[in-house]
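# Structural characterization, general
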Amino acid sequence: MDIRQIRYFVTVAEELNFTRAAEKLHISQPPLSQHIKALEEELGIELLFRNRREVKLTDAGRVFLLEARKVLEHLNVAVNTTLRTARGDTGVLRLGMATSAAFNVMPDVIERIRTRFPQVEILVSDMESKEQIRMIAEERLDIGFVHAAPLVRGMCSTPLFSEPYAAVVRKDDALAEPATLTMADLVGRPLIAFSPAHAPSLADSLVTACLAAGFNPQIAHTARHPFTMLQMVGMGLGIALVPASFARTHFPGVRFVHVDDTSRQVTINAVWLERTASTLVRRIVAEILEHDGVSPQPRPASR
């Protein structure tokens, strides 16, 4: 039994006339009759009752018609899905994101993917930059949104967004009053930094910003997750420097104050593995990330 025999049977069963079915299938009637007979012989049952006056479905033929239609429908879906996948119009897209990307680039990227590729299923995981890079290298992630372009062979990157730091201070701290601060205002103050083991790019950029301002940072505490840093500030353990977009979290007990002289210290890059990139990934990179870019959110006001 092959798919052609099933299609021939469905056409005959729907027309209940071999001549019309043959015309619809663009074949002559004798080969069509032979295919139906061969199908019945293979199944060992009669699917169609026919004589010189009429063609009718047997009870078994009615059941087979229902199931045969399902087979053809599934085949059609499989073919169309395969073709859309080959064009990059459908599939599953696995995205990783650094936490701060959720407040700037990701809303715009997700919206554009959904608009341009409505058949694509998007799976997003919040994870550290180095973990994203590892998972992309292991082909467990398609595109990552990280804080530093990786120095990994075969991994491509494109810059999407940059922003300054914001200082996170307790609401009762004297530094919570000004609308803006400078790095010099943090000299001698205990700082809460990102853990170098878990967020090396952010940890390095903090030290770089302090050194550029002419002082060595007094790092008193480190944290793996930015929200832990905010809680530590609320506990009075020190001041944290975080990407300015974190001010959208409305974290209780703290105030975010823009730091003027750290412009472009925090970046978001899209990264992917070129040699294993699917058609879908290549289209998203070309049509959204590189061609359109992203629309960064405006800098939140200090509060």
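Look a little higher up for the structure.
Residues numbered from 1 in each chain as written. Predicted model: local features only at pLDDT ≥ 70, side-chain atom pairs only at ≥ 80, totals over all residues. Heavy atoms only, no water.

### Remarks on the overall build of the protein
Defined as follows: Runs of H or I in DSSP of at least four residues are treated as helices and runs of E of at least two as strands, each being numbered from the N terminus. Note that the radius of gyration is over C-alpha atoms, with the globule rule given as 2.2 Å times the number of residues to the power 0.38. A simple rule labels every residue: compare its accessible area, found with a 1.4 Å probe on the protein chains alone, to the largest value its type can have, and call it buried under 20%, exposed over 50%, or partly exposed in between. It only takes one pair of heavy atoms within 4.5 Å for two residues to be counted as in contact. Each accessible area is a Shrake-Rupley estimate made with a 1.4 Å probe; only the visible protein chains count as cover when residues are assessed. His is not counted, nor are the chain ends; Lys and Arg add positive charge and Asp and Glu add negative charge. Here the site of a charge means NZ on Lys, CZ on Arg, CG on Asp, or CD on Glu.
In terms of helices and strands, the protein carries nine helices and 13 strands. In summary, the protein has a C-alpha radius of gyration of 31 Å against a globular reference of 19 Å for 303 residues, an excess of more than 25%. In terms of overall dimensions, the protein has C-alpha extents of about 105 × 40 × 30 Å along its principal axes. Taking all 303 residues of the protein together, 44% fall into the buried category. In the protein, the proportion of contacts linking residues at least 24 apart, taken out of those at least 6 apart, comes to 76%. With an accessible surface of roughly 15600 Å², the protein has 52% of that area assigned to carbon and sulfur atoms. Each charge sign in the protein was given a centre, from 34 positive and 34 negative side chains, and these centres are 3 Å apart.

### What about the sheet that holds strand 12 (residues 254-259)?
What counts here: Only strands that DSSP links by at least two bridges are regarded as paired with each other. Comment: axis = line fitted to C-alpha atoms, over the contacting stretch for helices; angle = value between 0 and 180 degrees taken between N-to-C directions.
An order of 8-12-7-11-9-10 is seen for the six strands of this open sheet, with the pairing classed as mixed. Edge positions in the open sheet fall to strand 8 (180-181) and strand 10 (219-223), since each of these has one partner strand only. Across four bridges, the pairing between strand 7 (residues 165-170) and strand 11 (residues 239-243) is antiparallel. Bridge assignment links Ala166 to a residue of strand 11, and that residue is Val242. Lying on the sheet, helix 7 (residues 200-212) is in contact with strand 7, strand 9 (191-194), strand 10 and strand 11; it crosses strand 9 at an angle near 140°. Set on the sheet, helix 8 (residues 226-234) makes contact with strand 7, strand 9, strand 10, strand 11 and strand 12; between it and strand 9 the angle comes to about 170°.

### So, the packing of helix 1 (residues 3-15) against helix 3 (residues 29-43)
The geometry of a pair of packed helices is captured by two quantities: the angle between their axes and the separation between those axes. Note the threshold: An angle below 35 degrees is treated as roughly parallel, one above 145 as roughly antiparallel, one from 65 to 115 as roughly perpendicular, and anything else as oblique. Classification convention: Asp, Glu, Lys, Arg as charged; Ala, Val, Leu, Ile, Met, Phe, Trp, Tyr, Cys, Pro as nonpolar; all other residues, Gly among them, as polar.
Where helix 1 contacts helix 3, the axes come no closer than 10 Å and their chain directions differ by 110°. Classified by the angle their axes make, helix 1 and helix 3 are roughly perpendicular. Contact residues: Arg4, Gln5, Tyr8, Phe9 and Val12 in helix 1; Leu32, His35, Ile36, Ala38, Leu39 and Glu42 in helix 3. Its residues assigned to classes, the contact of helix 1 with helix 3 shows seven nonpolar, two polar and two charged.

### Focus on the pattern of salt bridges
Just so we agree on the cut-off: By definition here, a salt bridge exists when the distance from a side-chain nitrogen of Lys or Arg to a carboxyl oxygen of Asp or Glu is within 4 Å.
One pass over the structure, following the stated rule, counts 17 salt bridges. Residue Arg189 is joined to Asp173 by a salt bridge in which the shortest nitrogen-to-oxygen separation is 2.5 Å. With Arg189 in the loop between strand 8 and strand 9 and Asp173 in the loop between strand 7 and strand 8, this residue pair connects regions lying 16 residues apart in the sequence. For the salt bridge of Arg283 with Glu287, the shortest nitrogen-to-oxygen distance reads 2.8 Å.

### Considerations on helix 1
Condition: Each residue after the first adds 1.5 Å to the expected span of a helix. N or O atoms closer than or at 3.5 Å make up a polar contact, with two conditions inside protein: a donor-capable atom paired with an acceptor-capable one, and, for residues adjacent in sequence, both atoms drawn from side chains.
The end-to-end C-alpha distance of helix 1, which contains 13 residues, comes to 18 Å, matching closely the 18 Å that a straight helix rising 1.5 Å per residue would cover. For helix 1, every residue scored as buried is listed here: Gln5, Ile6, Tyr8, Phe9, Val10, Thr11, Val12 and Ala13. You can read the cap of helix 1 off the contacts: a side-chain oxygen lies 3.1 Å from the backbone nitrogen of Arg4, and it is on Asp2. A positive backbone phi angle near 50° is found at Leu16, which sits one or two residues after helix 1.

### Focus on the pairing of strand 9
This is how it is decided: The handedness rule is simple: strands pointing away from the viewer, and a clockwise path from the first strand over the helix to the second, make the crossover right-handed.
Pairing between strand 9 and strand 10: four bridges, direction parallel. Counted as the bridge partner of Leu191 is Ile219 from strand 10. Each parallel crossover has a hand, and for strand 9 linked through helix 7 to strand 10 it is right-handed. Relative to strand 11, strand 9 runs parallel, the two being bridged by two bridges. Its bridge partner being in strand 11, Leu191 is matched across the sheet by Ile239.

### So, the pairing of strand 7
Where burial is concerned, most of strand 7 is hidden: five out of the six residues are buried. Note: strand 7 against strand 12, five bridges, orientation antiparallel. Residue pairing for strand 12: Ala166 is matched across the bridge by His258.

### With respect to the nonpolar core
Where we set the bar: Buried Ala, Val, Leu, Ile, Met, Phe, Trp, Tyr and Cys residues that are joined via side-chain atoms within 4.5 Å together make up what is termed a nonpolar core.
Counting residues in each nonpolar core, the largest one holds 39 residues, and the members touching the most others are Val168, Met183, Leu186, Leu241, Val242 and Phe256. Among the elements of the structure, strand 7, strand 9, helix 7, helix 8, strand 11 and strand 12 are those that each provide at least two residues to this core. The dominant element in this core, judged by the number of residues it contributes, is strand 7, at five residues. Filtering out sequence-adjacent residues up to four positions away, Val242 remains in contact with Pro164, Tyr165, Ala166, Val168, Phe194, Met229 and Phe256.

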